Amino acid sequence: MRNPMTVGAVQASGSALAEVATATVPATGSPVVVELGPGTGAFTAPVQRRLAVSGGRHIAIELNPRFATHLATRYPAVDVVTANAAALREVLAQRGVDQVDVVISGLPWAAFDQKLRHDVLSEVVAVMHPAGVFTTFAYVHARWSPPAQRLLRSLQSRFEEVVVSRTVWRNLPPALVYFCRRPITVTAEQRYESVVAASGSAGGQASR
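The structure presented is a predicted model; accordingly, all values stated were derived computationally and were not measured.

Rules and cut-offs
Residues numbered from 1 in each chain as written. Predicted model: local features only at pLDDT ≥ 70, side-chain atom pairs only at ≥ 80, totals over all residues. Heavy atoms only, no water. Helix = DSSP H or I, 4+ residues; strand = E, 2+ residues; numbered from the N terminus. Expected span 1.5 Å × (residues − 1). Buried < 20%, exposed > 50% of the residue type's maximum accessible area, 1.4 Å probe, protein only. Polar contact = N/O pair within 3.5 Å; in protein donor to acceptor, adjacent residues only side chain to side chain. Pairing = 2+ DSSP bridges. Axes fitted to C-alpha atoms, helices over the stretch in contact; angles between N-to-C directions. Contact = heavy atoms within 4.5 Å. Phe/Tyr/Trp six-rings, centres within 6.5 Å; stacked < 30°, edge-to-face > 60°. Core = buried A, V, L, I, M, F, W, Y, C linked by side-chain atoms within 4.5 Å.

1. Re helix H5 (residues 114-127)
Spanning 14 residues, H5 covers 20 Å between terminal C-alpha atoms, matching the ideal 20 Å at 1.5 Å per step. Those residues of H5 not exposed but buried are Arg-117, Val-120, Leu-121, Glu-123, Val-124, Val-125 and Val-127. Looking at where H5 begins, the residue whose side-chain oxygen comes 3.3 Å from the main-chain nitrogen of Lys-115 is Asp-113.

2. Digging into the sheet that holds strand S7 (residues 175-183)
Judged by pairing direction, the sheet is mixed, and its seven strands sit side by side in the order S3-S2-S1-S4-S5-S7-S6 without closing on themselves. Whereas interior strands pair on both sides, the edge strands pair on one side only; in this sheet they are strand S3 (79-82) and strand S6 (159-164). Neighbouring strand axes in the sheet, compared pairwise and without regard to direction, differ in orientation by 20° on average. Of the strands in this sheet, strand S1 (32-36), strand S2 (57-62) and strand S4 (100-105) are in contact with helix H2 (residues 44-54), which crosses S2 at around 165°. Here helix H6 (residues 146-158) sits on the sheet and contacts strand S5 (128-139), S6 and S7; the angle it forms with S6, its principal contact strand, is near 135°.

3. As for the packing of aromatic side chains
Going through the model one piece at a time under the given rule, you end up with four aromatic pairs. Considering the side-chain rings of Phe-134 and Phe-159, the 5.9 Å spacing of their centres and the 10° angle between planes classify their relative orientation as stacked. Taken together, the residues span a long stretch of sequence, with Phe-134 in strand S5 and Phe-159 in strand S6 at a distance of 25 residues. Overall, the relative accessible area of 2% leaves Phe-159 in the buried class. With 5.7 Å between their ring centres and 75° between their planes, Phe-137 and Tyr-139 make a pair best called edge-to-face. Residue Phe-137 is classed as buried on the basis of its relative accessible area of 12%. By the ring-pair criterion, three or more aromatic residues cluster together here, those being Phe-43, Phe-137 and Tyr-139.

4. Quick word on the nonpolar core
Ranked by size, the top nonpolar core spans 32 residues in total, and within it Val-34, Leu-36, Val-124 and Phe-134 carry the most contacts. Looking at this core, the elements with two or more residues in it are S1, S2, helix H4 (88-94), S4, H5, S5, H6 and S7. By residue number, the principal contributor to this core is H5, which donates five residues. If sequence neighbours within four positions are ignored, Leu-36 has contacts with Ile-61, Ala-85, Leu-88, Val-103, Ile-104, Ser-105, Gly-106, Leu-107, Val-120 and Val-124. If you look at the next biggest cluster of nonpolar residues, it comprises 16 residues, including Ala-16, Leu-17, Leu-51 and Phe-179.

Structure below.
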């Protein structure tokens, strides 16, 4: 209640939702897993259980310093960073990480404006391994709201595949998970060509 713009729920996600959202964490190999907005650690625990087998790396980026301190104390094996998710590349660069296998988001997207949503998702795509997976969730009752629809369109524009899970009814409120695969990277040349094409189209419309 004190921080409605940075804390997106009145209570932590339930274990049923956590198990679905973290199912993409490999139990083999040495994956690099990043949590965005882990809060009080609802998803952190199952990630740690899966990584205990694989021996992977777990980095959690939390904006709220109280939550970050709590996480660092409770999960000493997790590299907890107090930072904005929009600084993801900078945080990873400081740790010598250039690609991530799994990104799990607990961020309050509905509280984000368009620029922040764009910045965070751009950071995610920039660090994703081509075979990596990005997961985030939404509440069923708000799925058709404008913020939720904007988020879905943003995901679909940045990933070739966006799969929606079955409803997790045992969560309060009921929720669903988006599994996003094959990030779409845009090169500087493609971005330039897109801008030129848009400018040309605008000019043509103006001339008519």
